[in-house]
Amino acid sequence: FEEAGMGCLLYDGYVHTPLVPYGVSELQASVGIMITASHNPKEDAGYKVYWGDGCQIRPPLDTGIATSILQQLEPWTDYGGKLTARR
């Protein structure tokens, strides 16, 4: 998102999923994204997107976002390196 000219806030380290929608609401962000892992089956882990209202995305936004992700699977930058540099 930064490379597309959008301001971003990256939580450093592990955070609880509810912190993302809370942050979206409190910071008046346009969107929030959480990459999750789960103690449940691996199918429950994934990519959660929260809209500017702090709620998870709903149709038809979910389909458009999923399509965009599938069209752009090649990373734009080394985000792991960027995070390490910030520490």
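Residues numbered from 1 in each chain as written. Predicted model: local features only at pLDDT ≥ 70, side-chain atom pairs only at ≥ 80, totals over all residues. Heavy atoms only, no water.

Moving on, we get to the side chain of Thr36. Along the chain, Thr36 falls in strand 1 (residues 31-36). Not counting the four nearest positions on each side in its chain, Thr36 is found in contact with Thr17, Asp44, Ala45, Gly46 and Lys48. (Helix = DSSP H or I, 4+ residues; strand = E, 2+ residues; numbered from the N terminus. Contact = heavy atoms within 4.5 Å.)

Next up on the list: the environment of Gln28. Positionally, Gln28 belongs in the loop between helix 1 (19-27) and strand 1. For Gln28, a relative accessible area of 72% translates into the label exposed. Along the chain, Gln28 and Ala66 lie 38 residues apart, while their C-alpha atoms are 23 Å from each other. (Buried < 20%, exposed > 50% of the residue type's maximum accessible area, 1.4 Å probe, protein only.)

This prediction gives the protein a mean pLDDT of 85; 100% of its residues lie at or above 70. Summarising per-element confidence for the protein, the mean pLDDT is lowest in helix 3 (residues 79-86) (79) and highest in helix 1 (94). (pLDDT = per-residue confidence, 0-100.)

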